Structure formats: structure tokens, C-alpha cells
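Reading the structure
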Amino acid sequence: MKLGVVMEGGASRTIFSCGVADVLFDEKIMPDYFIGVSAGIAYGVSYVSGQRGRNADFTEKYMNDKRYMGMRHWLNPKKRCYYNLAFAFDEVPNKLVPFDYDALANYPGEVIAVVTNVETGQPEYKQIPPYERLWETAVASCSLPVLFPPVKLGDNYYLDGGLSDSIPYKKALEEGCDKVVVILTRERDYVKGEEKGAGLIQFLCRKYPKIVDCLKNRSRDYNQCCKEMFELERQGKLFVIAPRDTFGVGRTEGDWNLLGKLYQEGIDVARAQMNALKNYLNT
């Protein structure tokens, strides 16, 4: 059996997925193929590196730290990024809450980030380099338009993978996974509407017409993706884990009182579904 685990993005809401992943780790459920989008890959690498609780640790300590994120960083003409990349993707993983790069290098499975090519508007699937100490590939996958500048990988520039493949379960199936566990960051009945300020965001991204097309179609594509995903779940081809409630946690939430509650929700939901998950994996 080849097991795939898929983690949706969702920025701060992805703390739910961290709770789920910690339970999967406790139960020794580790994938042969891990694929994450945006925060799904940025957080997910701690799961495959075996660092249980690491995401909750740095989220509680630093997510609400002014050094982590905020408009003051976006307004800095040298950065133009809502997140302080030097702090969030260098000082935190390399000094404050160390990431185990050797464990990632020794992980026997594939670890894949989804990114969106700014010129084509198409998803690309990048193996996470195990010793990428400034996390360039993960940052590219997280780079929401306007909040982040595009990130250069090789000869091309990329933005958030969720623009073109929000929940990449199809990629996991294409790569030969017999069993696929999908971890969402939205409730099962969530229907994506148009983003607030969508027109302004599209205007600011006009330099990249294919990205504008992605933004225009994102709600439609996301909702269709979910419809097909839940149909595959009904057919027994996928196993989906989703929060019952996200407690109003927004994309840039930093309050641990809310984030800790959502992290515990991930633990509780995963434990409640564990028997069903094991039956799915053993069928």
C-alpha cells in the first residue's frame, strides 16, 4: 500500500491540521507521499520530520509576536511582505524552535510543495529540498498575491500553490497512492465565495494575467474540487478529516487563545475518526 497525506493551506487555520498530524504521528501513521499547499507544506514538514508538537510550540510563542507578521512589514519598501520572512522562516526554524533538517533528509517518502507559476498560472509540484534553510520552496507555496511578492525558484517566479491546486488529492492519486488522507482547514459545508477586495487584488496582480485568471476562477474551482473530493470519499477512495468548527480563526490570526482551541479541535477530530481511519487504511 502507498499512503498519501494531503494538507490544504489556510495560513493560521492550518493549526487545525497540526493537531491532526500530531495524532497521526502518535498512531504511527506516516505517509509514503506527503503533499501540502501553502501553510500545509510549511507546517507539514514538521510532521514528516517527526517533531510532534513543534508547530503548536512556535505558534504559541511567536505567531502573535510583532516580529512575525503585520502591516509594518508589508509597508517596508525593502520587504513588501505581510510576513517577516527573515524571522518566520529563518530565525524561528534555525534558532528559536529548531527544525530537524537531518530527519527530513532521512525521511523515506516524498515531500512535495504545490506552487503556482506566475507566467502560466499552472500548478507545479516541487520536492522540498531537505537542507533549504531559508525555506524558499515553502515560502513560494505560501506566497499569496499582494501579501507576498513572487518567489524565484530556478528560472521562474511562483506564488501560492492554492491559486491553482488548493487541495491536491488528484496529484496524490496520480502518483500511485492507494490510500489518500486529506486534511482540510475548512468545515465540510464550507462554500467559498469571492474574496473581499477581489477586484483590487486582481488589479494589483495585473502584471500576471494568468494569476488574475486564477483569482477570478478560484471560488468556482475550489467548490468544484470539494464536490469531486467528497464524491470520491463516498466511493471509499479518499478519507477526509475536516474541522467541525474553525472558531472564527482568520488567515492572519495570531491569538493563541483561538489558535490553541483550533489546534485542540484537530486533536479531538482526529481521535474521534481514528477507528474509521484505520478501517479505511486496512480495507
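A brief report on the enclosed structure follows. Values in this document were obtained by computation on a predicted structure and should not be read as measured data.

Analysis parameters
- Residues numbered from 1 in each chain as written.
- Predicted model: local features only at pLDDT ≥ 70, side-chain atom pairs only at ≥ 80, totals over all residues.
- Heavy atoms only, no water.
- Salt bridge = Lys/Arg side-chain N within 4 Å of Asp/Glu carboxyl O.
- Buried < 20%, exposed > 50% of the residue type's maximum accessible area, 1.4 Å probe, protein only.
- Helix = DSSP H or I, 4+ residues; strand = E, 2+ residues; numbered from the N terminus.
- Phe/Tyr/Trp six-rings, centres within 6.5 Å; stacked < 30°, edge-to-face > 60°.
- Lys NZ or Arg CZ within 6 Å of the ring centre and 35° of its normal.
- Disulfide = S-S within 2.5 Å.

To continue, consider the pattern of salt bridges. If charged atoms from side chains of opposite charge come close, those side chains can pair. The final tally for this structure, using the stated rule, is twelve salt bridges. For Asp65, the salt bridge goes to Arg67, with nearest N and O atoms at 2.8 Å. Residue Glu124 is joined to Lys126 by a salt bridge in which the shortest nitrogen-to-oxygen separation is 3.4 Å. Look at Glu124 and you get partly exposed, because its relative accessible area is 23%.

Here we come to unusual backbone geometry. Phi angles above zero are rare outside glycine, and Ala11 is one such case at about 50 degrees. By the element assignment, Ala11 lies in the loop between strand E1 (3-7) and helix H1 (15-26). Looking at Ala11, the relative accessible area reads 16%, which means it is buried.

Looking now at the packing of aromatic side chains. Under the counting rule described, the total for this entry stands at 13 aromatic pairs. Taken together, a centroid distance of 5.8 Å and an interplanar angle of 10 degrees make the contact between Tyr43 and Phe58 stacked. Placement of the pair is Tyr43 in helix H2 (residues 39-48) and Phe58 in helix H3 (residues 54-62), with a sequence separation of 15 residues. An aromatic cluster of three or more residues is present, and its members are Tyr62, Tyr68, Tyr82, Tyr83, Phe87 and Phe148. Above the face of the Trp74 ring, Arg80 is positioned so that its terminal group lies 4.9 Å from the ring centre. Positioned over the ring face of Tyr190 is Arg186, at 4.1 Å from the centre of the ring.

What follows concerns the state of the cysteines. For the structure shown, the criterion picks out zero disulfides. Cys142 supplies the cysteine sulfur nearest to Cys18, a cysteine that is in no disulfide, at a spacing of 12 Å. Cys18 sits in the buried class, given a relative accessible area of 2%. The thiol sulfur of Cys177 is not disulfide-bonded, and the nearest other cysteine sulfur, from Cys225, lies at 16 Å.

Below, the discussion takes up the side chain of Thr137. One can find Thr137 in helix H7 (residues 136-142). The class for Thr137 is buried, based on a relative accessible area of 4%.

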